[in-house]
Amino acid sequence: MFDLPSLPYANNSLSPFISSQTLSFHHEKHHKTYVDNLNRLLPDSPFTSLSLEDIIRQSHGNPAYQGIFNNAAQVWNHTFYWHSLTPPQSFQKPALLMPYLARDFGSYEAFLGSFKDAALSQFGSGWAWLVQVDQKLKILKTSNAETPLCDEKLIPLLTCDVWEHAYYLDYQNRRGDYVQAFLENVLNWSFAEKNTTLR
Ligand code: MN3
């Protein structure tokens, strides 16, 4: 059985960029529902003794376990997203990753633009990601619960939730304003730098 992990900061600490109302609904309702659904579905599956990551990888692409995959991947994606965020007073531009962003996207500003484009062009619900592939950085978008965890060549570094529930209370339909605030005010670069193997 899985527990809902605690947020790594207080509900109100990302405000005004992500409000405490958004964060509490998102964590205590949406994320918790994925945990509860997974715990309800697991006992009737062959995955009961596996780690969350192995449940995700082994149920991926199997129509018989679509519900388990969706809920398990959403549990993992949300925990990864909480750690991709930091209170605005702790926000710092990337340090270790800065030269690699410049190398692989042209500049830091070009990276911001490309990430925003990916997040905006994800049609419907999904996620935008910065990942490492071999020694290179790459931006990905995934739909619904899909996660780079299922591709062993990919190392996820950070993610932005672009499901409407992540921003609608604060930004309504303005996904671009939410993604901009994510990138420029509350993105936790030190988390991404812990995840990369680039040095
Ligand atoms: Mn979400």
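Rules used in this analysis
- Residues numbered from 1 in each chain as written.
- Predicted model: local features only at pLDDT ≥ 70, side-chain atom pairs only at ≥ 80, totals over all residues.
- Heavy atoms only, no water.
- Buried < 20%, exposed > 50% of the residue type's maximum accessible area, 1.4 Å probe, protein only.
- Helix = DSSP H or I, 4+ residues; strand = E, 2+ residues; numbered from the N terminus.
- Arc of directions from axis to C-beta.
- Contact = heavy atoms within 4.5 Å.
- Axes fitted to C-alpha atoms, helices over the stretch in contact; angles between N-to-C directions.
- Parallel < 35°, antiparallel > 145°, perpendicular 65-115°, else oblique.
- Left-handed = near helix turned anticlockwise from the far one by under 90°.
- Donors = N, O, S within 2.8 Å, 3.2 Å for Na, K, Ca; no water.
- Core = buried A, V, L, I, M, F, W, Y, C linked by side-chain atoms within 4.5 Å.
- Phe/Tyr/Trp six-rings, centres within 6.5 Å; stacked < 30°, edge-to-face > 60°.

Focus on helix α2 (residues 52–59)
Stage number 1. Those residues of α2 not exposed but buried are Leu52, Ile55, Ile56 and Ser59. Angularly, the buried residues of α2 cover 100 degrees about the axis, an arc narrow enough to put them on a single face.
Stage number 2. Those residues of α2 that are buried lie in contact with α1 (20–41) and α3 (66–83).
Stage number 3. Of the residues trailing α2, glycine 61 is marked for its positive phi of about 80 degrees.

As for the packing of helix α5 (residues 108–121) against helix α7 (residues 175–186)
Stage number 1. Where α5 meets α7, the axes come as close as 10 Å, and the angle between the chain directions of the two elements is 140 degrees. Comparing the axis directions of α5 and α7 gives the class oblique. The handedness of the crossing between α5 and α7 comes out as right-handed. Contacts between α5 and α7 involve Tyr108, Phe111, Leu112, Phe115, Lys116, Ala119 and Leu120 on the former and, on the latter, Arg175, Gly176, Val179, Gln180, Phe182, Leu183 and Glu184.

Observations concerning the coordination of the manganese ion
Stage number 1. At the metal site, the manganese ion is ligated by His26 (NE2), His78 (NE2), Asp161 (OD) and His165 (NE2), and these contacts range over 2.0 to 2.2 Å.
Stage number 2. In the primary structure, the donors to the manganese ion are separated according to the pattern H-x51-H-x82-D-x3-H. With a gap of 135 residues between them, histidine 26 in helix α1 and aspartate 161 in strand β3 (residues 154–161) connect regions that are remote in the sequence. Pair check on accessibility: histidine 26 and aspartate 161 agree, each one buried.

Side note on the nonpolar core
Stage number 1. Core analysis: the biggest nonpolar cluster contains 64 residues, and Phe111, Phe115, Leu130 and Trp189 have the highest contact counts within it.
Stage number 2. The element contributing the most residues to this core is α3, with 9 residues.

Overview of the packing of aromatic side chains
Stage number 1. In this structure the tally under the stated criterion is 14 aromatic pairs.
Stage number 2. Ring plane angle 45 degrees and centroid distance 5.2 Å describe the contact between tyrosine 81 and tryptophan 82, whose orientation is recorded as tilted.
Stage number 3. Tryptophan 82 gets classed as buried once you look at its relative accessible area, which sits at 1%.
Stage number 4. Summarising the aromatic geometry, the rings of tryptophan 127 and tryptophan 129 are spaced 6.1 Å apart at their centres and angled 35 degrees between planes, so their arrangement reads as tilted. Assigned by exposure class, tryptophan 127 and tryptophan 129 land together as buried.
Stage number 5. Ring-pair connections join several aromatic residues into one group, and the members of that group are Trp76, Phe80, Tyr81, Trp82, Trp127, Trp129 and Phe191.

Treat this as a map of the structure, not an account of what it does.
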